[in-house]
Amino acid sequence: MKRLIHLILLFVIITLTACKDDKEQYDYGNFRMDLATVLSPEEGVRFLRDDGLILLPETTVDNKYLTTGARLLLRYIPQEKISETEIPIEIQSITLIPEGDIIIAPNESSIAQLGNDPLYITSIWPGGGYINLRYKIEQNNGMHQLSLCYIQENQISPDTLYLDLRHKAQYDNAGYLSKSYASFSLKKVLDKVQSVKVIKINANVENLKQQYFIFNTQAL
């Protein structure tokens, strides 16, 4: 239980807030927008795209907040490849993405404090060793919390990994729909991922008819 409390506190620290996602018009030619992971900044800032390609900024990047392993939304213009695995890029903007580990819990009652408030899911997908999420929440002034949980009593099939996405509005009154992204690392359940064929994520979704999102583990 102490370990679970520690994990919950970690998620409180990285409580998810909405990031600006205005409708912008770009005229940069071969423009891309991807999720990526920061590689060791001590060797010069580099980013690992979820498909395995290493992105090398052509200009100096302030690495104050770009710690190793940080997740971010990168808007950039790719240049000519210098190898099969590396490509220089011209960065347009960087947005840090809230990320965390999966919470491992024995049963439903042990994560009751994480809530199960509805949320709007725009897209959810596996990539880069993460479960990635683009979502909307009804937000006023409060901080919201998202958690992805592995509940041991819910693991009912040897071929499927069952995960629960939980949203806690923290008693925030409904206000406006704000948009944001999140990434949850699969490292804590990687051994389980390697032994199953499917990941099935349960969520309290307000804008879609479906309650479950199913992914083939080969997509990872």
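Residues numbered from 1 in each chain as written. Predicted model: local features only at pLDDT ≥ 70, side-chain atom pairs only at ≥ 80, totals over all residues. Heavy atoms only, no water.

## Some points on the packing of aromatic side chains
Heads up, the rule is: Here a pair means two rings of Phe, Tyr or Trp (six-membered ring of Trp) with centres within 6.5 Å. Their orientation is stacked below 30 degrees between planes, edge-to-face above 60, and tilted elsewhere. Whether a charge sits over a ring depends on NZ of Lys or CZ of Arg being within 6 Å of the ring centre and within 35 degrees of the ring normal.
Within the structure shown, the criterion is met by 0 aromatic pairs. The ring of Tyr212 is capped by Lys200, whose NZ or CZ atom sits 4.4 Å from the centre of that ring.

## Description of the side chain of Asp34
How we decide: Only runs of H or I of at least four residues qualify as helices and only runs of E of at least two qualify as strands under DSSP, and these elements are numbered from the N terminus. Any residue under 20% of the maximum accessible area for its type is buried, any over 50% is exposed, and the rest in between are partly exposed; the area is computed with a 1.4 Å probe on protein chains only. Two N or O atoms form a polar contact when they lie within 3.5 Å of each other; inside protein one atom must be a possible hydrogen donor and the other a possible acceptor, and for residues adjacent in sequence the pair counts only when both atoms belong to side chains.
On the secondary structure map, Asp34 appears in strand β1 (residues 32-38). Its relative accessible area of 15% is what places Asp34 among the buried residues. A polar contact is formed between the side chain of Asp34 and the side chain of Tyr76, at a distance of 2.6 Å.

## Notes on the sheet that holds strand β6 (residues 99-101)
The condition is simple: Each pair of strands is called paired provided DSSP finds at least two bridges between the two strands. Each axis is a line fitted through C-alpha atoms, and for a helix only the stretch in contact is used; angles between axes span 0 to 180 degrees, taken between their N-to-C directions.
Across the sheet, 4 strands lie side by side as β6-β12-β9-β8; this open sheet has mixed pairing. The sheet terminates laterally at β6 and β8 (120-127), the two strands that pair on one side only. Along the sheet, successive strands turn relative to each other by an average axial angle of 25 degrees, direction set aside. When strand β9 (residues 130-139) meets strand β12 (residues 176-185), the two strands line up antiparallel, connected through 10 bridges. Across the sheet, Leu133 pairs through a bridge with Ala182, a residue of β12.

## Quick notes on the nonpolar core
Note the threshold: Think of a nonpolar core as a cluster: buried Ala, Val, Leu, Ile, Met, Phe, Trp, Tyr and Cys residues, connected wherever their side-chain atoms sit within 4.5 Å. Throughout, a residue-residue contact means that at least one pair of heavy atoms, one from each residue, lies within 4.5 Å.
Of all hydrophobic cores here, the largest spans 26 residues; its most connected members are Ile121, Leu163 and Ile201. Contributing elements (two or more residues each) for this core: β8, β9, β10 (145-151), β11 (160-168), β12, β13 (198-203) and β14 (212-216). The biggest single contributor to this core is β9, with 4 residues. Sequence-distant contacts of Ile121, that is, excluding residues within four places in its chain, are made with Leu133, Arg134, Tyr135, Leu165, Ala203, Val205, Asn207, Leu208 and Phe213.

## What about the sheet that holds strand β5 (residues 86-96)?
Strand order in this closed barrel of 5 strands is β1-β2-β3-β5-β4, and the pairing throughout is mixed. Ignoring which end each strand starts from, the neighbouring axes of this sheet average 55 degrees apart. As judged from the 6 bridges shared by β1 and strand β4 (residues 71-78), these two strands associate in the antiparallel manner. In the strand pairing of β4, Asp34 is matched with Leu74.

## Quick word on the pattern of salt bridges
The line we're drawing: A pair is scored as a salt bridge if a Lys or Arg side-chain nitrogen falls within 4 Å of a carboxyl oxygen belonging to Asp or Glu.
If you walk through the whole model with that rule in mind, you get 7 salt bridges. We note a salt bridge from Asp50 to Arg71, for which the minimum N-O separation is 2.8 Å. Of this pair, Asp50 sits in the loop between β2 (47-49) and β3 (54-57) while Arg71 is found in strand β4, placing the two residues 21 residues apart along the sequence. On the basis of relative accessible area, Asp50 is assigned to the partly exposed category, the value being 24%. Arg166 is the salt-bridge partner of Glu108, the closest N and O atoms lying 2.6 Å from each other. Of this pair, Glu108 sits in the loop between β7 (103-105) and β8 while Arg166 sits in strand β11, placing them 58 residues apart in sequence. Members of the salt-bridge network, linked through shared partners, are Arg32, Asp34, Arg49 and Asp51.

## Section: the pairing of β14
Covered by surrounding structure in β14 are Phe213 and Phe215 only, the residues Tyr212, Ile214 and Asn216 on the alternate face being uncovered. Inspection of the sheet shows β13 paired to β14 by 5 bridges, in the antiparallel sense. Bridged to Val198 within β14 is Asn216.

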